[in-house]
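Spelled out from the first residue to the last, the chains are:
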Amino acid sequence: MTEHYFSPTPSTDDARRPLRVVLAGQERELVSARSVFSGDRLDKATAVLLDRLDLLPSLPPGATVLDLGCGWGPIALTAALRHPAAQVWAVDVSERARELTRENARRLGLPNLHVASPQEVPGDLRLDAIWSNPPIRIGKDALHALLLEWIGRLHPSGWAALVVGRNLGADPLAAWLDGQLPQRTVTKLASAKGFRVLQVGPVTQSAPGGDLR
């Protein structure tokens, strides 16, 4: 890539190219392009999260799920495929990423997937779950602000699952989230291939602090 994947309006050629990946247990024929995150494959971290969905809490009927930093859409598409009664929001600052996710949702026939920039998400939207491979490389301060903003939209019963590389600060991020969210328990749900799946749990009456072992 010649540009950051979080560039709002990439200037590189946006010609579509085929992308064949397995999502929700089946091979899918999708499209991608240059200057989006992991545009030529399913990213390893994303694959770790999608392989560990069985460890996540159940979603309530008609849940609202957010994929924060959707790229070409693998997490949001999987959520919409696995939970057709849910309303899934795919959010990204990149216009190209949003276009690709929309096209891939059309290809898979997913009317329950809504694609938006952060500014286009309704201000009163509240979330039951966040599934995300968050944009770590935007910088620590920006990442912290981003996570607090969207975790702040969770219902008290809602939760977030974030996949982060150990070498990109998964453990310090877990500790920071635990300190910032005293009413929610932060746990390391799974580890694989150099990545951790962090879970920010529902609000508890008196969260004693996360299990960060």
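Higher on the page you've got the structure.
Residues numbered from 1 in each chain as written. Predicted model: local features only at pLDDT ≥ 70, side-chain atom pairs only at ≥ 80, totals over all residues. Heavy atoms only, no water.

Caption draft 1: Broad picture of the environment of Val91. Position of Val91 among the secondary structure elements: in strand E4 (residues 87-91). Here Val91 falls in the buried class, since its relative accessible area comes to 1%. The spatial distance from the C-alpha of Val91 to the C-alpha of Thr101 is 9.6 Å, given a sequence separation of 10 residues. Filtering out sequence-adjacent residues up to four positions away, Val91 remains in contact with Leu66, Asp67, Leu68, Gly69, Cys70, Ala116, Ser117, Pro118, Val121 and Trp150. (Helix = DSSP H or I, 4+ residues; strand = E, 2+ residues; numbered from the N terminus. Buried < 20%, exposed > 50% of the residue type's maximum accessible area, 1.4 Å probe, protein only. Contact = heavy atoms within 4.5 Å.)

Caption draft 2: Representation of the pattern of salt bridges in the model. Enumeration over the complete set of coordinates arrives at eight salt bridges. With its nearest N and O atoms 2.7 Å apart, the salt bridge here joins Arg41 to Asp40. Several salt bridges converge on common partners, so that one network encompasses Arg16, Glu99, Glu103 and Arg107. (Salt bridge = Lys/Arg side-chain N within 4 Å of Asp/Glu carboxyl O.)

Caption draft 3: Structural view of the packing of helix H1 (residues 44-51) against helix H2 (residues 74-82). Their axes nearest at 10 Å, the elements H1 and H2 cross at an angle of 20°. Between H1 and H2, the interaxial angle falls into the category roughly parallel. Here H1 and H2 pass one another in a crossing that is right-handed. Contacts between H1 and H2 involve Thr46, Leu49 and Leu50 from the former and Pro74, Ile75 and Thr78 from the latter. Broken down by class, the residue content of the contact of H1 with H2 amounts to four nonpolar, two polar and no charged. (Axes fitted to C-alpha atoms, helices over the stretch in contact; angles between N-to-C directions. Parallel < 35°, antiparallel > 145°, perpendicular 65-115°, else oblique. Left-handed = near helix turned anticlockwise from the far one by under 90°. Nonpolar A, V, L, I, M, F, W, Y, C, P; charged D, E, K, R; others polar.)

Caption draft 4: Region of interest: helix H4 (residues 140-151). Across its 12 residues, H4 extends 16 Å between first and last C-alpha, which sits within 8% of the 16 Å expected from 1.5 Å per residue. Among the residues of H4, Leu143, His144, Leu146, Leu147, Trp150 and Ile151 are the ones counted as buried. Looking straight down H4, one finds that the buried residues subtend no more than 165° of arc, so they occupy a single side. (Expected span 1.5 Å × (residues − 1). Arc of directions from axis to C-beta.)

Caption draft 5: Summary view of unusual backbone geometry. For Ala24, which is not glycine, the phi torsion reads 55° and is therefore positive. Topologically, Ala24 is positioned in the loop between strand E1 (17-23) and strand E2 (26-32). Relative accessible area serves as the criterion here: at 33%, Ala24 is assigned to the partly exposed category. We note that Ser38 has phi near 50°; this positive angle belongs to a residue other than glycine. Tracing the sequence through the fold places Ser38 in the loop between E2 and H1. Given a relative accessible area of 10%, Ser38 falls into the buried group.

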